[in-house]
Amino acid sequence: MSDMNTAMVEKYRNSFLKEVEANVEEGEWVKMCMQCGVCSGSCPLGPHWAHPPQEIFMMIRAGKREEVLASDSMWMCTSCYNCIVRCPRELPITHIMHGLATYAKKLGLVPKGQATAEFSQIFWNNMMKKGRVNELKLGLSLYFKDGFGQGIKNAMANQKLGMNMMKAKRMSAAEFFGGHGIKDVSGLQKMIKKAEEIEAAKLEANK
Amino acid sequence: MADDKKFAGFVCTGCGIGDRLDAGQLEMTATRDGKMQSCVQHEMLCNKEGVQLIRDTIDNDGATHIMIAACSRRAKVEAFSFPDVAMSRANLREGVIWSRPDTDEARETTQEMADDYIRMACAEVKFMTKPTPSGEQELNKNILVVGGGVTGMTAALETAAAGFKVHLVEKTGALGGWAAKWHKRIPYRAAAAGVSNGTNVDLPLPIDNNVGEMIAAVEASDKITVHLNSTVTKTSGAPGRFSADITTESGSTATENFGAIVQASGWKAFDPSALAYLGSSNADVVTNVELEALANEAGDGPIKRPSDGKEVKSVVFVQNAGQASKEEGHLPYHSGIGDLISIKQALYFKDQNGKDCDTTILFDNLRTPGAAGEDFYRSGQQQMVIFSKGKVSEVTSSGSGATVNFKDLILNEDVKLDADLVVLDLGMVPNSGPNPYAVTDALEQLPYEERDKKLAEVEKQVAEASVSIESILNLDYRQGTDLPHLVNGFTDSHFICFPYETRRSGIYAAGPVRRPMDIKQAQDDATGAAMKAIQAAVNAGQGSAAHPRVGDLSYPKFRKEGCTQCKRCTVECPFGAINEDEQRYPMFNESRCRRCGTCMGACPVRVISFENYSIDSVGQQIKNVDIPDEFDEKPRILVLACENDAYPALDQAAMSGQEISAWARVIPVRCLGSVSLSWITDSMNSGYDGIVMMGCQRGKDYQCHFVRGSTMAAERMMKVGDTLQTLNLEPERVVVHEVAITDIERAPRLIKEMEEVIEKVGMSPFKF
Ligand code: SF4
Ligand code: SF4
Ligand code: SF4
Ligand code: SF4
């Protein structure tokens, strides 16, 4: 268990709802859910996750901390926004889902090998380097994330796709060597840092 | 026919009537067949000039009976109001031209229909007399209000504000009832318009209890006399002339006269001892009523738990405890407002015990009726009250506090929750007297054949069950001491059209004795009932009926010589309006009577009638329809339609362009209960091919405007089959339907179905 996680368990012993409200982006909306189930019914992936949004919100209220934070449900959200559009209470469900995912990540509770979480991390690292996504490297890191042998297999399987992308100039082999970035990478990194500070301040204010 | 009767007919050619029908012929039908002494046409009878024409005929020519052939009797009621003469109306607009297609083929049958309706209206008016009030009573501007809680006090204040005097009788030593004991009240208001969703928006919160102000207002009113520690020990009479004995605890009795009565006897708390599995013996498990006392004790400070006075840090509300349950000793219904109460109480904790106090409401189905409803619920969410959907199986205890075991219904798993305090949401039990019709109601649940056999047993059960129930009004009526119950002990009311109405004319029920409700709803209810009571007193003073025939001055008269003392009328009158005199003849109580005619329909020797509605006035309409002979292929279908729902539905059907069978001849009746079997046999004998009767829904969820009229009719009609068989006729020729006012497509279809039946079984052999 990460230190932060232990601290949080200690701090919000009684109410996971309060913890969510204070630490999860848009978490203060969770209590406004009236359990109508419209969100779950609207979600295109609804039947495929362990807990659709309505249930996640109920679990938060029922104090099921471990089950919620270690769940892969919020990672399944594709950001289609159907739920937000339809929720009669106007809960920002998609954002709450991403907020929960972020919080779980901070606490180190993401299930091992969670594909979306891994992809996101790879994507983030890749993007942060040059300020733009290096498709070739992104693809390669994805292929090789589970080891060299598996990487080769993956690369072979998707060979045709890769070739086509090259032909269509969507990907360039030259990118392997450094690749090109945006003009002001450090400016971007400053911006991101600022955004992180703003977010942290906002969450601090919730406490 | 007596010489002093003078008949005048009027045919309107407006609204397209003149274009579709041959008005000259209609006029001729009225004078030749209908024997009107005069008949004129007018191109818009309802306008000033047309109405003046009728007025002049009455004033100058001395017409005493008028027949108006125009629109439905339900249209232009104000224009065609001539209370000084007898009047009938032929429905040529809705009943004929609007319900028939405007085609060449239809022209002939449409005209026949119109001619028939004119003959019928002429025949009807001939057998009517102008009703006159009995002059039995005068206006009594005193109203009795029984019950000094919020409902009773509101009724008293509203009545006083309308200029009537009130006697307010309260059983206990103080006004205010339950509501005076509440710490705070459920808010009355919703969020302001435009307040959208959000976590920090302004939502309604529990408000201060102002029952004290209400008590002060009652005490200050010079129109209200308060009787504390008192009960009503005898009530006799009728609307306009009730007499009530008000007896104090010490035994002294005052007798007062009243025009009408409002019963606001409220509710009793459900006894939680039946709910041992919910830990009702644990000191830290309290009822929602008890919690109010704890909150009052705490003042503005934190609420403490009873076992050891520890400040409550966690509380669980168990919703719907012993409610809407079939289990022995539980309430079979749901009180509806328990969830509002729990939200209110949860907010006490958030307010007084701190935001950190854990408040969980375990609900099964959450209902928040009333003005503040949904917004109040949002308010609870905003304040971090946790709403969990779960079914509580048990509340256990170990030491202080309690543990609630429940099945989480969303997550589908068993969960335990520890709490310092557990609050049970218990239902409201109406505080009504014994049900005078308990035996009848119980018998009606049984199959027809078993009723006689089970009578003694049912009577015994009912007697045992009601022995501990105190009477509230102690009515000195032949039909029992209290208001009839509707269901589950709540007093009767026509829940759709006339919510305060009971089956005892002039006595109105308001507040939680009628159905569970909160303060706001009880106040609205009380205001409505007070207005009804005033109306009843005023109507009684004028000798006219209470709803739904408000203004009707006629009342049942009966020919004593013909009466066989069979007592059907006495028993079947839904309103207990008929008593017996010393010689055991029926004694009609005019101001209790609602003019439904159920007694008239019940009387086997047909001796009961009204001035403007009788066996003859309908019988003659039936007889004056032209019955074409068998080979004409024009069947005739008699439709007896209740004027409250079925007849308006047919009018509405015509307005919306539905077709009504050209073979139908519709006669409005006051209530299906007023239908005499003689009308059925007579019409069969005179060659009608089918009869369609349309009344209101009967039974537990009845919508009959006279409560039991359609039930009585249905019972009587069960025997029609035999009669038809003795005439060698097919029983399918006579049908009874339950029709609602919204059945505008169905009602014409039901008539159409009879056409099909006739096609199948053939025309009646009784045509001449
Ligand atoms: S649609 Fe909105 S209110 Fe309904 S369950 Fe989903 S989040 Fe809750
Ligand atoms: S509303 Fe009635 S009375 Fe007036 S013109 Fe039309 S049919 Fe005639
Ligand atoms: S049955 Fe109807 S009409 Fe007859 S006395 Fe009773 S209320 Fe009056
Ligand atoms: S139903 Fe007719 S015959 Fe029977 S008691 Fe009443 S009035 Fe007399």
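**Observations regarding the overall build of chain A**
Thought 1: Of regular secondary structure, chain A possesses 12 helices and 0 strands.
Thought 2: Counting only C-alpha atoms, chain A reaches 55 × 40 × 35 Å along its principal axes.
Thought 3: Of all 207 residues assigned to chain A, the portion counted as buried reaches 39%.
Thought 4: Within chain A, residue pairs in contact and separated by at least 24 positions form 66% of the contacts whose partners lie at least 6 positions apart.
Thought 5: Looking at chain A as shown, the accessible area adds up to about 11600 Å², and 59% of this sits on carbon and sulfur atoms.
Thought 6: Treating the 28 positive side-chain charges of chain A as one cloud and the 21 negative ones as another, the clouds have centres 7 Å apart.

**Regarding the overall build of chain B**
Thought 1: Helices and strands together make up the secondary structure of chain B, namely 20 helices and 33 strands.
Thought 2: Along the first, second and third principal axes, the C-alpha atoms of chain B reach 95 × 60 × 60 Å.
Thought 3: Looking at chain B as a whole, 58% of its 768 residues qualify as buried.
Thought 4: Total accessible area on chain B stands at roughly 30700 Å², and carbon and sulfur atoms take up 49% of it.
Thought 5: Charged side chains of chain B number 80 positive and 106 negative; the gap between the two group centres comes to 2 Å.

**Description of the pattern of salt bridges**
Oppositely charged side chains can form a pair if their charged atoms are brought close together.
Residues and elements named next belong to chain B.
Thought 1: Tallying each qualifying case throughout the model produces 55 salt bridges over all chains.
Thought 2: Across the pair D581 and K560 runs a salt bridge whose closest N-O atoms are separated by 3.7 Å. In this pair, D581 sits in the loop between β27 (578–580) and β28 (586–588) while K560 sits in the loop between β26 (557–558) and α13 (568–572), placing the two residues 21 residues apart along the sequence.
Thought 3: Residue K560 is classed as partly exposed on the basis of its relative accessible area, which comes to 34%.
Thought 4: Residue E572 is joined to R716 by a salt bridge in which the shortest nitrogen-to-oxygen separation is 2.9 Å. With E572 in helix α13 and R716 in helix α18 (residues 709–717), the pair connects residues that are 144 residues apart, well separated along the chain. There is no split in this pair, since E572 and R716 are both buried.

**With respect to the site of ligand 2**
Thought 1: Neighbouring ligand 2 are C12(B), G14(B), C15(B), I17(B), M44(B), L45(B), C46(B), A70(B), C71(B), K76(B), F80(B) and R93(B).
Thought 2: Considering only residue class, the shell around ligand 2 consists of 9 nonpolar, 1 polar and 2 charged.

**Regarding the site of ligand 3**
Thought 1: Around ligand 3 there are 15 residues in total, and C573(B), C593(B), C596(B), G597(B) and C599(B) lie nearest to it.
Thought 2: For the shell around ligand 3, the residue count by class is 11 nonpolar, 2 polar and 2 charged.

**Points about the environment of G149(B)**
Residues and elements named next belong to chain B.
Thought 1: Checked against the element boundaries, G149 lands in the loop between β5 (142–146) and α5 (150–161).
Thought 2: With 362 residues separating them along the chain, G149 and G511 place their C-alpha atoms 9.4 Å apart.
Thought 3: Beyond its immediate sequence surroundings of up to four residues, G149 is in contact with E170, G176 and G177.

**Remarks on the sheet that holds strand β3 (residues 65–70) of chain B**
What links the strands of a sheet is backbone hydrogen bonding, and the strands pair in either a parallel or an antiparallel sense.
Residues and elements named next belong to chain B.
Thought 1: Ordered in space as β2-β1-β3-β4, the 4 strands form an open sheet in which the pairing is parallel. Either end of the sheet is taken by a strand with one partner, and the two such strands are β2 (38–42) and β4 (86–91). Strand after strand, the sheet turns through a mean of 15° between neighbouring axes, direction not considered.
Thought 2: Sheet strands touched by helix α2 (residues 23–33): β1 (7–12), β2 and β3. Its angle to β2, the strand with the most contacts, is close to 160°.

**Some points on the interface of chain A and chain B**
When the parts of a complex come together, some accessible area is lost, and that lost area is often used as the size of the interface.
Thought 1: If you look at the interface, chain A gives 22 residues, while chain B gives 20 residues.
Thought 2: Counting the surface lost from both chain A and chain B, the interface buries some 1900 Å², and carbon and sulfur atoms represent 59% of this.
Thought 3: Its largest share of buried area at the contact with chain B, chain A owes to K31(A), M58(A) and R89(A), together 29% of the area lost on that side.
Thought 4: Our count for the chain A to chain B interface comes out at 3 salt bridges.
Thought 5: With a closest N to O distance of 2.7 Å, E413(B) and K64(A) form a salt bridge.
Thought 6: At the level of secondary structure, the elements contributing two or more residues to the side of chain A that touches chain B comprise α2 (16–23) and α4 (53–61) of chain A.
Thought 7: Sorting elements by how many residues they give to the side of chain A that touches chain B places α4(A) first, with 5 residues.
Thought 8: For the side of chain A that touches chain B, the residue count by class is 9 nonpolar, 4 polar and 9 charged.

**Overview of the pairing of strand β17 (residues 358–363) of chain B**
All names here are of chain B.
Thought 1: Counting buried positions along β17 gives 6 out of 6 residues, so the element sits mostly inside the fold.
Thought 2: Pairing of strand β16 (residues 314–318) with β17 involves 5 bridges; the strand directions are parallel. Across the sheet, residue V318 finds its bridge partner in β17, namely L362.
Thought 3: Regarding the hand of the β-α-β motif, the stretch spanning β16, helix α8 (residues 338–352) and β17 is right-handed.
Thought 4: Alignment of β17 against strand β18 (residues 386–396), held across 4 bridges, turns out to be parallel. Residue pairing for β18: I361 is matched across the bridge by F387.

**Focus: unusual backbone geometry**
Thought 1: Cis peptide bonds are those with omega within 30 degrees of zero, and the linkage from H547(B) to P548(B) qualifies with -10°.
Thought 2: If you check the backbone angles, E26(A) has positive phi at about 60° while not being a glycine.
Thought 3: Positioned with a positive phi, N412(B) is a non-glycine residue whose angle comes to about 55°.
Thought 4: Relative to the elements of secondary structure, N412(B) occurs in the loop between β19 (402–408) and β20 (413–419).

**Structural notes on the sheet that holds strand β11 (residues 242–248) of chain B**
Residue and element names in this part refer to chain B.
Thought 1: Here we have 3 strands laid out as an open sheet, ordered β10-β11-β12, and antiparallel in their pairing. Lying at the two open borders of the sheet, with one neighbouring strand each, are β10 (230–236) and β12 (253–258). Taken over all neighbouring pairs, the strand axes of this sheet differ in orientation by 25° on average, direction set aside.
Thought 2: Sheet topology note: the β11/β12 ladder contains 6 bridges and is antiparallel. Looking at the pairing, F242 lines up with F258 of β12.

**Considerations on the packing of aromatic side chains**
All names here are of chain B.
Thought 1: By the definition in use, this model includes 11 aromatic pairs over all chains.
Thought 2: Between Y377 and F387, the ring centres sit 4.8 Å apart and the planes meet at 75°, which makes this aromatic pair edge-to-face. With Y377 in helix α9 (residues 373–382) and F387 in strand β18, this pair connects stretches of sequence that are 10 residues apart. For the pair Y377 and F387, a shared accessibility class is recorded, and that class is buried.
Thought 3: Taken together, the ring pairs connect W178, W182 and W267 into an aromatic cluster.
Thought 4: A cation over a ring is seen here: K181 above W178, with NZ or CZ 5.3 Å from the ring centre.

**Points about helix α7 (residues 288–298) of chain B**
Residues and elements named next belong to chain B.
Thought 1: Buried within α7 are the following residues: N288, L291, E292, L294, A295 and A298. The buried residues of α7 occupy one face: seen down the axis, they fall within an arc of 165°.
Thought 2: On the buried face of α7, the contacting elements are β7 (184–185), β15 (285–287), β16, α8 and β21 (421–424).

**Describing a nonpolar patch on the surface**
Thought 1: Side chains of F148(A), I152(A) and M156(A) sit close together on the surface and give an oily, nonpolar patch of about 340 Å² of accessible area.
Thought 2: Relative to the elements of secondary structure, F148(A) occurs in helix α10 (residues 148–157).

**Considering the nonpolar core**
All names here are of chain B.
Thought 1: In terms of nonpolar packing, the biggest core is built from 90 residues, with L92, I118 and V639 touching the most fellow members.
Thought 2: By residue number, the principal contributor to this core is helix α4 (residues 104–126), which donates 8 residues.
Thought 3: L92 has contacts with I17, L21, L26, A69, A70, I97, A114, Y117 and I118, leaving out every residue within four places of it along the chain.
Thought 4: Counting 62 residues, the second-largest nonpolar core is a separate cluster that includes M214, F317, A372 and A537.

**Focus on helix α15 (residues 615–623) of chain B**
Residues and elements named next belong to chain B.
Thought 1: Counted residue by residue, α15 has 7 buried out of 9 residues, so it is predominantly covered.
Thought 2: Within α15 the residues assigned to the buried category are I615, S617, V618, G619, Q620, Q621 and I622.
Thought 3: Packed against the buried residues of α15 are α4, α14 (598–602), β29 (608–609), β30 (637–642), β31 (664–669) and α17 (677–685).

What counts and how
- Residues numbered from 1 in each chain as written.
- Chains lettered and ligands numbered in written order.
- Predicted model: local features only at pLDDT ≥ 70, side-chain atom pairs only at ≥ 80, totals over all residues.
- Heavy atoms only, no water.
- Helix = DSSP H or I, 4+ residues; strand = E, 2+ residues; numbered from the N terminus.
- Buried < 20%, exposed > 50% of the residue type's maximum accessible area, 1.4 Å probe, protein only.
- Contact = heavy atoms within 4.5 Å.
- Areas by Shrake-Rupley, 256 points an atom, 1.4 Å probe, with all protein chains shown as cover.
- Lys, Arg positive; Asp, Glu negative; His and termini not counted.
- Charge placed at Lys NZ, Arg CZ, Asp CG, Glu CD.
- Salt bridge = Lys/Arg side-chain N within 4 Å of Asp/Glu carboxyl O.
- Near = heavy atom within 4 Å.
- Nonpolar A, V, L, I, M, F, W, Y, C, P; charged D, E, K, R; others polar.
- Pairing = 2+ DSSP bridges.
- Axes fitted to C-alpha atoms, helices over the stretch in contact; angles between N-to-C directions.
- Buried area = accessible area lost by both parts, 1.4 Å probe.
- Right-handed = clockwise from strand over helix to strand, strands pointing away.
- Phe/Tyr/Trp six-rings, centres within 6.5 Å; stacked < 30°, edge-to-face > 60°.
- Lys NZ or Arg CZ within 6 Å of the ring centre and 35° of its normal.
- Arc of directions from axis to C-beta.
- Patch = residues over 30% accessible without salt bridge, like charges linked within 9 Å, V, L, I, M, F, W, Y side chains within 5 Å.
- Core = buried A, V, L, I, M, F, W, Y, C linked by side-chain atoms within 4.5 Å.

Purely geometric numbers; function is a separate question.
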